[in-house]
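What follows is the residue order along each chain.
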Amino acid sequence: MRGLKLISLAVLLVLTNLPEAWSHGDQPLSKIAIHKAISALHESAYVKASPEILGMKGQSTEWVALEYGSPNPSVDDWIGVFSPANFSASTCPEVNPRVYPPLLCTAPIKYQYANYSSHNYKDTGKGYLKLRLINQRSDFSFALFSGGLSNPKLVAVSNHVAFANPNAPVYPRLAQGKEWNEMTVTWTSGYGIYEADPFVEWGRKGGDRVHSPAGTLTFDRNSMCGAPARTVGWRDPGFIHTSFLKELWPNALYTYKLGHRLFNGTYFWSEQYQFRASPYPGQNSLQRVVIFGDMGKDEADGSNEYNNFQRGSLNTTRELIQDIKNIDIIFHIGDICYANGYLSQWDQFTAQVEAIASTVPYMIASGNHERDWPGTGSFYGNMDSGGECGVLAETMFYVPAENRAKFWYSTDYGMFRFCVADTEHDWREGTEQYKFIEHCLASVDRQKQPWLIFLAHRVLGYSSCTSYAEEGSFEEPMGRESLQTLWQKYKVDIAVYGHVHSYERTCPVYQNICTNQEKRYYKGTLNGTIHVVAGGGGASLSPFTTLQTKWSLYRDYDYGFIKLTAFDHSNLLFEYKKSRDGKVYDSFRITRDYRDILACTVDSCPSMTLAS
């Protein structure tokens, strides 16, 4: 018994110290040594920003023009965008006795080099830059630094810029509720519960409208688990509101807008949005699902680049927006925005996906960059969340979990049943999550919902990523040891993962063996589960091993996402699309009847005894 305990401890130590299975690089804002910043204000240096008032027509995104100059220009000079505009040391809290407040106690929300659009800046000392700002509940200032990112010296500070109503309700995110006929709307504002009542005004398109109240959540610096989320990355998150729109008619079109009623009787409104209600479970209609992981965010103005690859995040976002009329629900399976403890990035991500998430349910899963932090109950002891330890993901987005600190849940969409796991918590046999997964798979009525999909962030199935291959596991260690029995027993059609930033599709597989030799058109029973890695949403790409595995049918070292289209109870189309052009580069079909699901396969037949 003691030997087993030692083995278990060794396994957990291995899990804790695993090499990362991706290569996105550091959070761009972490490259700025803000704690080393010193004041070097020069009377001849300047930064001028215009216009000073943004969003005069109610818009939540605007471009700001900057003019700046320095008597001692350098190629290392850069412009930082700060919000709130006052970023002096007087606002710096002492985190612990060994940390002294620097001149600057908060990282900029974005930055760009001074010569980005003024290539002769080093010679003339004058530059011009256009930056895109979003409404983030506070004013902005722009600072010119010399000394590069590693030894920043504050040379000049601009005038202040602000949105006309910085508290306005912005960036609605739809999600399915716990009932099939319930839609939730989550948004962000600067209005607390002692200032205004939040609500959603909504109704069927062209019909009567009603008001549904919203609950309000927020958190403070002490809710964070460590740096930088608790230190230079901290930014007030404002207030996050969620309203539950209930008793929806299947597939009916609804319009809605966000509202806040101030206690003096004044109303503030968002623009109007619309969505289509979910189909009844088992409903036979066209149903289209998009799935991807690891998208992150990027800046349309060219600032804060993660890497020198194509801008996968913006490309993915663009393609989804262009095709939004042909998408019914989206699953972003972990590694949402890679804020990594720089909280301003969550607002920027929700602004980036607003046109998508305000129109169709935007369901998320928990990834390592949302949850992992030592000593906080995550399965891994890594520091990938930058001190967020799940608080941001659990608050900024709604999921129909019984307990959002345990980020696993199931949701039905017409002919689909989705079982969404939380790989940052233990999934192995005997755990609470394992019991949830089995119940989710076992409880679905396959006659009504024939398409059973398993979703998770880390690869619990199969991957040819270099990191997994070097470990010799081709999966998250112990990933499929317990779960493959469930996938096989309950005939899971497709399992989709992120974490690895590329695309890969396997054959229908069970215990490393292809159970079906077809590659494009599957008829009848699969006899196994097709495993897909779809982590190419936007973060920099993960390479494949050169080893050739028998179960890997298609690999693509590029950005993309997958789309499932259920035409009816018997026909499903799977497509892999690249983010660069939205075209299909891999696909397959499944055609089968209910009796094919009933047929027992390897390890899925009921046990027989002489008595039976």
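Description of the structure in this document. Here, residues in each chain are numbered from 1, in the same order as that chain's written sequence. Per-residue local features of the predicted model are confined to residues with pLDDT of at least 70, and side-chain atom pairs are confined, for both listing and counting, to 80 or more; whole-chain, interface and lining totals are unaffected and use all residues. Only hydrogens and water are removed before side-chain values are computed, so all heavy atoms of the structure are retained for them.

## Concerning the pattern of salt bridges
What counts as a salt bridge is simple: a side-chain nitrogen of Lys or Arg found within 4 Å of a carboxyl oxygen of Asp or Glu. Inspection of the entire model under this criterion finds 27 salt bridges. The residue glutamate 424 makes a salt bridge to arginine 458 at a minimum N-O spacing of 3.1 Å. Of this pair, glutamate 424 sits in the loop between strand S23 (416-420) and helix H8 (432-442) while arginine 458 sits in the loop between strand S24 (451-456) and helix H9 (466-471), placing them 34 residues apart in sequence. Comparing glutamate 424 with arginine 458 shows no difference in burial state: the two are buried. The salt bridge involving arginine 458 is made with glutamate 476; its shortest N-O contact spans 3.2 Å. Of this pair, arginine 458 sits in the loop between S24 and H9 while glutamate 476 sits in the loop between H9 and helix H10 (479-489), and the two are 18 residues apart along the sequence. In terms of burial, arginine 458 and glutamate 476 fall into one category: buried. Taken together, the shared-partner salt bridges in this structure form one network comprising Lys110, Lys297, Glu299 and Asp301. Elements are defined by DSSP. Helices are runs of H or I of four residues or more, strands are runs of E of two residues or more, and each kind is numbered from the N terminus. Here's how the labels work: a residue is buried when its accessible area is under 20% of the maximum for its type, exposed when over 50%, partly exposed in between, all with a 1.4 Å probe on protein chains only.

## Focus on the state of the cysteines
Note on terminology: pairs of cysteine sulfur atoms within 2.5 Å are recorded as disulfides. All chains considered together, the criterion is met by three disulfides. With no disulfide partner, cysteine 337 has as its closest neighbouring cysteine sulfur the one in cysteine 389, 14 Å distant. Exposure remark for cysteine 337: the relative accessible area of 1% places this residue in the buried category. Looking at cysteine 465, it has no disulfide partner, and the nearest cysteine sulfur is the one in cysteine 507, 19 Å off.

## Looking at H8
Looking only at H8, the buried set comprises Gln433, Tyr434, Phe436, Ile437, Cys440 and Leu441. When H8 is viewed along its axis, its buried side chains cluster within an angular range of 160 degrees and face the same direction. Those residues of H8 that are exposed and aimed more than 90 degrees away from the buried face are Lys435 and His439. Throughout, a residue-residue contact means that at least one pair of heavy atoms, one from each residue, lies within 4.5 Å. Check the buried side of H8 and you find it contacts strand S22 (409-413), S23, S24 and H10. Regarding the arc, it is the one traced by the directions from the helix axis to the C-beta atoms.

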